[in-house]
Amino acid sequence: MEQLTTIDAVRAHVAAQRRAGARVALVPTMGALHEGHLALVEAAQRHAEVVIVSIFVNPTQFDRADDLEAYPRDLPGDLAALRALPTPPSGVFTPAVGELYPTAPRTRVSVAGLTDGLCGASRPGHFDGVATVVTKLLTIVAPDVAVFGRKDRQQLEVIRTLVADLDLPVTVLGVPTVRDPDGLARSSRNRRLSPAARQVALALPRSLAAAARAGVASRGGGGLDPTAIAAAAQQVLATAGVQPEYLEAVDPVTLAPPPDGTAVRLLVAVAAVIDGVRLIDNVEVGDPDDEAALLALA
Ligand code: AMP
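What you see is a predicted model, and the numbers here were worked out from it, not measured in a lab.

Close approach of charged atoms allows side chains of opposite charge to pair. Overall, the coordinates contain 21 salt bridges when judged by the stated rule. We note a salt bridge from D67 to R189, for which the minimum N-O separation is 2.9 Å. Of this pair, D67 sits in helix α3 (residues 65-70) while R189 sits in the loop between β6 (171-175) and α9 (195-201), and the two are 122 residues apart along the sequence. Assigned by exposure class, D67 and R189 land together as buried. D287 is the partner of R150 in a salt bridge, and the nearest nitrogen-oxygen pair spans 3.1 Å.

As structure tokens, this is what we get:
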């Protein structure tokens, strides 16, 4: 595994591998790696011989300076975790901020519509920052495949859209959410949860499990009922004393309110700040694979 810190070094590394006929996959991350990230690397390795992991805490996607400041960073631990994989990635790109943004950014990639709701409503500019840095990474690495987690489902749909709209020659792969045994979605931010706050945070996956159960119950007659499904999830949050930033049942592709009574799949997405730590999670109700891990919770 080679650590690469400059754009030129990444391009040279990838070009050399390409000359040998390898397919290339990119896994963009912000570091503080956990098993969710490692699952993306393993998925990438199933699709390409050469995997590049990027680790970059992208300042332009943080709407609050204190959140950027508090974001966990652990480069030595990250490099050790990647080296310890059965097959380490071929390269890890760890640019300094000045390497990706040598000047104050003038050009911005902005995906309209999809970014207005859910996390976009409370984090102004967040998805422009994500879309711009991912476009830059896709241009730098020029991978055949780019791998993202379904935990950040709105981000995944934003990236699918920008890739389609800008005709970028890359296949976008979405990987299922990796959870702790008690259901909590793995997240770099979990490191900042006290044991008590972590217990409260379990209300998120439990609320999504309630949504999945409500979906199962409503299946059979007509489409899924977004109001009943959201209410089932909301009830669990209320019982735990968690006031969500949002809890919505939306169309999984448009992220807009679903067509009345005909939806066969609904994305139930939730965000909440628990003891100062902002957490997100989601389930696609009607997708048996996505529901299974949550329905298995007690
Ligand atoms: P981040 O470092 O949080 O920006 O995440 C980098 C990538 O890892 C994104 O594509 C995330 O969706 C993905 N990811 C983060 N947590 C998980 C998880 N628990 N399961 C699967 N993918 C994840």
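Now that the structure is up, let's keep going.
Okay, the site of the ligand next. Around the ligand sit 17 residues, and of these H37, G149, D152, V178 and R186 come closest. Contact distances for the ligand include 2.9 Å between an oxygen atom and a backbone N or O atom of M30. Within the contact set of the ligand, an oxygen atom lies 2.6 Å away from a side-chain nitrogen or oxygen of D152. If the ligand stood free it would expose 480 Å²; the protein chains cover 94% of that surface. At the level of elements, β2 (24-29), α2 (35-47) and β5 (145-149) are the ones that each hand at least two residues to the shell around the ligand. Counted by class, the shell around the ligand contains seven nonpolar, seven polar and three charged residues.

So, on to the environment of A292. Here A292 is to be found in helix α12 (residues 288-295). Among the residues examined, A292 registers a relative accessible area of 42% and is labelled partly exposed. Sequence separation of A292 and A212 is 80 residues, and the distance between their C-alpha atoms is 8.9 Å.

The rules we used
- Residues numbered from 1 in each chain as written.
- Predicted model: local features only at pLDDT ≥ 70, side-chain atom pairs only at ≥ 80, totals over all residues.
- Heavy atoms only, no water.
- Salt bridge = Lys/Arg side-chain N within 4 Å of Asp/Glu carboxyl O.
- Helix = DSSP H or I, 4+ residues; strand = E, 2+ residues; numbered from the N terminus.
- Buried < 20%, exposed > 50% of the residue type's maximum accessible area, 1.4 Å probe, protein only.
- Near = heavy atom within 4 Å.
- Polar contact = N/O pair within 3.5 Å; in protein donor to acceptor, adjacent residues only side chain to side chain.
- Areas by Shrake-Rupley, 256 points an atom, 1.4 Å probe, with all protein chains shown as cover.
- Nonpolar A, V, L, I, M, F, W, Y, C, P; charged D, E, K, R; others polar.

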